[in-house]
Amino acid sequence: MDYTDKLCQLENVAAYLDGELTAAGLERFEQHVKECSICANELRVQRQLLCTLDVAFNDARAFDLPKNFARVVTASAENDLSMIRHRHERRRALKLCVVLGLISFGLLGAATRTIVVDPLRSLFHTARVLSDLLFQALADAVSTASVLVRMIVPAQPGLRLLLMLVFLASLFCLSLLIVKYRRAQIIE
Ligand SMILES: [Zn+2]
């Protein structure tokens, strides 16, 4: 094993998941992950996120979120939360916020795609999707908020402000999404 095997190259995690590593790089990375908890954890987090986004985006019914969407997000958030008071407190909190932000933006993207690519959906279907979405969004918001509140309350003042801002940004994205849906409904 040469010296480079000991170094963390976190960008390899994404390359690994995208299947972009060379055969030699792949072997080196897999060997490194076995011995490095930082990279192993990064791999776990990114793989989980990919799964969540894949399920949300690739579902044939385009915008019917999976039934356990809120549970998956909450479980992964709580999983991160349980480790938050250890060494990488700030980094983990930030990463969780990024995940929540990505999900908000992901929802926004999926909504845009549904509206742009599928403009011929019937009014009935749109109305049904809208009501499903509102219900789902509400359920997600409640579970996400409960996780965030538990995270925000014991956090340090600076971190608390950041978390609140991210939470508000997520809410903003969600309301934007609902407005877009309403507009689509009116057009049809
Ligand atoms: Zn490493």
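A brief structural summary. This is a predicted model, so every value here is computed, not measured. The numbering scheme is per chain: residues are counted from 1 as the chain's sequence reads. With the structure being a predicted model, the display of local features is reserved for residues of pLDDT at least 70 and the display and counting of side-chain atom pairs for 80 or more, all residues being used for whole-chain, interface and lining totals. Derived side-chain values reflect all non-hydrogen atoms in the structure, with water molecules and hydrogen atoms excluded from consideration.

## Structural notes on the coordination of the zinc ion
Water is absent from the atoms considered, so a metal site may look incomplete; donors are defined as N, O and S atoms within 2.8 Å of the metal, or 3.2 Å for Na, K and Ca. Protein ligation of the zinc ion involves C8 (SG), H32 (NE2), C36 (SG) and C39 (SG), the donor distances falling in the range 2.0 to 2.3 Å. For four-coordinate sites, all angles between 85 and 135 degrees define a tetrahedron; for four- and six-coordinate sites, opposite donors beyond 155 degrees with the remaining angles between 65 and 115 define square planar and octahedral shapes respectively, and all other cases count as irregular. Metal-centred angles of 96 to 120° between the four donor atoms at the zinc ion mark the site as tetrahedral. All donors of the zinc ion come from a single chain, and their spacing in sequence reads C-x23-H-x3-C-x2-C. Look at C36 and you get buried, because its relative accessible area is 12%. Type-normalised accessible area, obtained with a 1.4 Å probe on protein chains alone, sets the label of each residue: buried when under 20%, exposed when over 50%, and partly exposed for intermediate values.

## Comments concerning the environment of V98
Per the convention used, a helix needs a DSSP run of H or I reaching at least four residues, while a strand needs a run of E reaching at least two, with both numbered from the N terminus. Counting through the fold element by element, V98 comes out in helix α5 (residues 89-117). The exposure class of V98 is partly exposed, given its relative accessible area of 47%. When the C-alpha atoms of V98 and V166 are compared, they prove to be 8.5 Å apart, with 68 residues separating the residues in sequence.

## Some remarks on the nonpolar core
For the purposes of this section, nonpolar cores are sets of buried Ala, Val, Leu, Ile, Met, Phe, Trp, Tyr and Cys residues that join through side-chain atoms within 4.5 Å. Core analysis: the largest hydrophobic core is formed by nine residues, namely L49, L53, V99, I103, L107, L133, A137, L174 and L177. If you list the elements that add at least two residues to this core, you get α3 (37-58), α5, α6 (123-152) and α7 (157-187). With three residues, the top contributor of residues to this core is α5. One finds V13, Y16, V33 and C36 within the second-largest nonpolar core, a separate group that totals seven residues.

## Considerations on helix α2 (residues 23-35)
The end-to-end C-alpha distance of α2, which contains 13 residues, comes to 19 Å, matching closely the 18 Å that a straight helix rising 1.5 Å per residue would cover. Those residues of α2 that fall on the buried side of the exposure criterion are G25, F29, H32 and V33. Across the axial projection of α2, the buried residues extend over an arc of 100°, all falling on one side. When the buried face of α2 is taken as reference, the exposed residues oriented beyond 90 degrees from it are A23, E27 and K34. One fewer than the residue count of a helix, multiplied by 1.5 Å, yields its expected span. Of all possible arcs, the one meant is that of the directions from the helix axis to the C-beta atoms.

## Looking at the environment of L177
Within the element layout of this structure, L177 appears in helix α7. The spatial distance from the C-alpha of L177 to the C-alpha of S104 is 8.9 Å, given a sequence separation of 73 residues.

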